[in-house]
Amino acid sequence: MKALFATALLAGAALVAPAIGQAPVAVPTPPDRNILHVQVILDALGFGPGVLDGKGGQSLTAALKGFQEAKGLPRTGKPDAATLRALYPYRAKRPTARFTLTREALAGPYYNPLPKDYAEQAKLPSLGYATPMEKLAEMFHTQPAVLIALNSPTTRLKVGNTIVVPNALPASRDYDAKLPDHWRQTLGMLNVDATQPVADHIVVDKSDGVLRVLDKDDRLIAQFSATMGSEHDPLPLGTWKIYGADYNPKFHYNPALFWDAKKGDDKELLPPGPNGPVGVVWLDLSKEHYGIHGTPHPELIGRTESHGCIRLTNWDVARLAQMVRPGTKAVFQA
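This report concerns the structure included in the present document. From a predicted model like this one, the values you see are computed outputs, not experimental measurements.

This brings us to helix 8 (residues 181-189). Burial in helix 8 covers these residues: Trp183, Thr186, Leu187, Gly188 and Met189. The inward-facing, buried residues of helix 8 abut helix 6 (132-139), strand 7 (238-247), strand 10 (281-285) and helix 9 (314-323). Two residues or fewer after helix 8 comes Asn191, characterised by a positive phi angle close to 55 degrees.

What follows is about the layout of surface pockets. Taken as a whole, the second largest pocket holds about 740 Å³ of empty space. Along its surface, the second largest pocket is lined by 29 residues, and Glu104, Lys135, Gln185, Thr186 and Met189 are the ones closest to its centre. Counting only elements with at least two residues in the lining of the second largest pocket, the list comes to helix 4 (103-106), helix 6 and helix 8. By residue number, the principal contributor to the lining of the second largest pocket is helix 8, which donates six residues. Residue classes in the lining of the second largest pocket are distributed as 14 nonpolar, 11 polar and four charged.

Before going further, it helps to spend a moment on the pattern of salt bridges. In total, this model carries eight salt bridges according to the counting rule given. Of the charged contacts in the structure, one is a salt bridge between Lys123 and Glu120, with a shortest N-O distance of 3.1 Å. In this structure Glu120 comes out as partly exposed when scored by relative accessible area, which is 37%. We note a salt bridge from Asp217 to Arg219, for which the minimum N-O separation is 3.4 Å. Exposure remark for Arg219: the relative accessible area of 52% places this residue in the exposed category. One continuous salt-bridge network, built from bridges that share partners, spans Glu69, Arg75, Asp208 and Arg212.

Our focus in this paragraph is the environment of Leu147. Examined against the element boundaries, Leu147 turns out to sit in helix 7 (residues 144-150). Overall, the relative accessible area of 1% leaves Leu147 in the buried class. In this structure, the C-alpha to C-alpha distance between Leu147 and Met133, residues 14 residues apart in sequence, is 8.3 Å.

Conventions we followed
- Residues numbered from 1 in each chain as written.
- Predicted model: local features only at pLDDT ≥ 70, side-chain atom pairs only at ≥ 80, totals over all residues.
- Heavy atoms only, no water.
- Buried < 20%, exposed > 50% of the residue type's maximum accessible area, 1.4 Å probe, protein only.
- Helix = DSSP H or I, 4+ residues; strand = E, 2+ residues; numbered from the N terminus.
- Contact = heavy atoms within 4.5 Å.
- 1 Å grid on protein atoms, 1.4 Å probe; cavity = no way out; pocket = protein on both sides within 12 Å on 5 of 7 lines; lining within 4 Å.
- Points joined across faces, edges and corners; volume = space filled by probe spheres on them.
- Nonpolar A, V, L, I, M, F, W, Y, C, P; charged D, E, K, R; others polar.
- Salt bridge = Lys/Arg side-chain N within 4 Å of Asp/Glu carboxyl O.

See below:
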């Protein structure tokens with residue numbers, strides 16, 4: 001039986017590298033290209049299906065319901081005949097693309113393992129990715145196992161080599177020149193399209209587990225799966241405002257604000273980075289201590305709890321940050 005071994009940790013290593021004495025691991029299941037195609041189109045249209053993995057699940061169901069609502073179709077949450085007809089005009093957006101590895105794409109710094117203790121994290125210059133594989137997976141809105149499944153085991157992570165990726169490539173990278181250079185670099189790294197609709201208001205809906213973006217006529221123009229609140233820190237229901245965005249933010253850890261803080265923890269200022277507690281952007285809310293932010297664990301969106309804030313994948317929150325402005329209304333409802 002064909003077997004794969006440990007995933008690559010260093011640029012120049014194979015996507016899957018055998019080593020004498022290593023125990024083989026299960027071969028990743030290739031993604032279903034039909035499902036992946038639906039996910040890729042929805043992702044491009046702003047109805048985030050979560051991780052692009054060619055599998056069904058709650059995030060894809062929610063994305064389909066959002067797309068169906070926007071198109072005036074029954075909200076079945078399934079890729080039924082009517083929905084596939086509505087998706088058909090976008091079929092040119094193929095499920096996979098070929099990407100030539102660049103020095104920039106493989107550049108670190110990498111921290112493997114990233115310390116879990118906040119005091120140790122505070123000593124680092126940044127909270128970057130653990131490996132090139134983790135970075136490449138986030139660039140293409142997926143997981144390392146999907147990249148492994150899409151490529152030959154002998155494929156090497158080396159500048160100039162070409163790999164197969166979920167087609168999260170944007171139509172435009174013409175980002176607003178007024179944005180900070182470091183943020184435009186982050187948008188490019190995360191393959192966030194430069195052209196985004198303008199939000200009049202957003203609605204965070206706990207019952208559906210999504211963040212909905214609406215225009216001035218109350219029409220749904222984008223939607224993202226979200227993690228929101230917990231038993232200890234419930235979603236703050238009501239109407240708030242987005243005050244502004246902090247791009248690639250540092251994180252002020254205050255144990256007094258966390259019910260699960262370890263005894264003896266001190267306040268810490270953590271450096272920025274995609275693997276930081278709030279990911280690549282913090283959208284500050286008029287509710288003190290609350291915000292909309294990213295995450296170092298995109299695969300857990302909608303499947304875990306938060307400390308009351310609204311958590312999206314890094315690529316979704318980066319996209320949302322391009323849609324909202326200071327003063328955008330945010331309605332949180334059950």
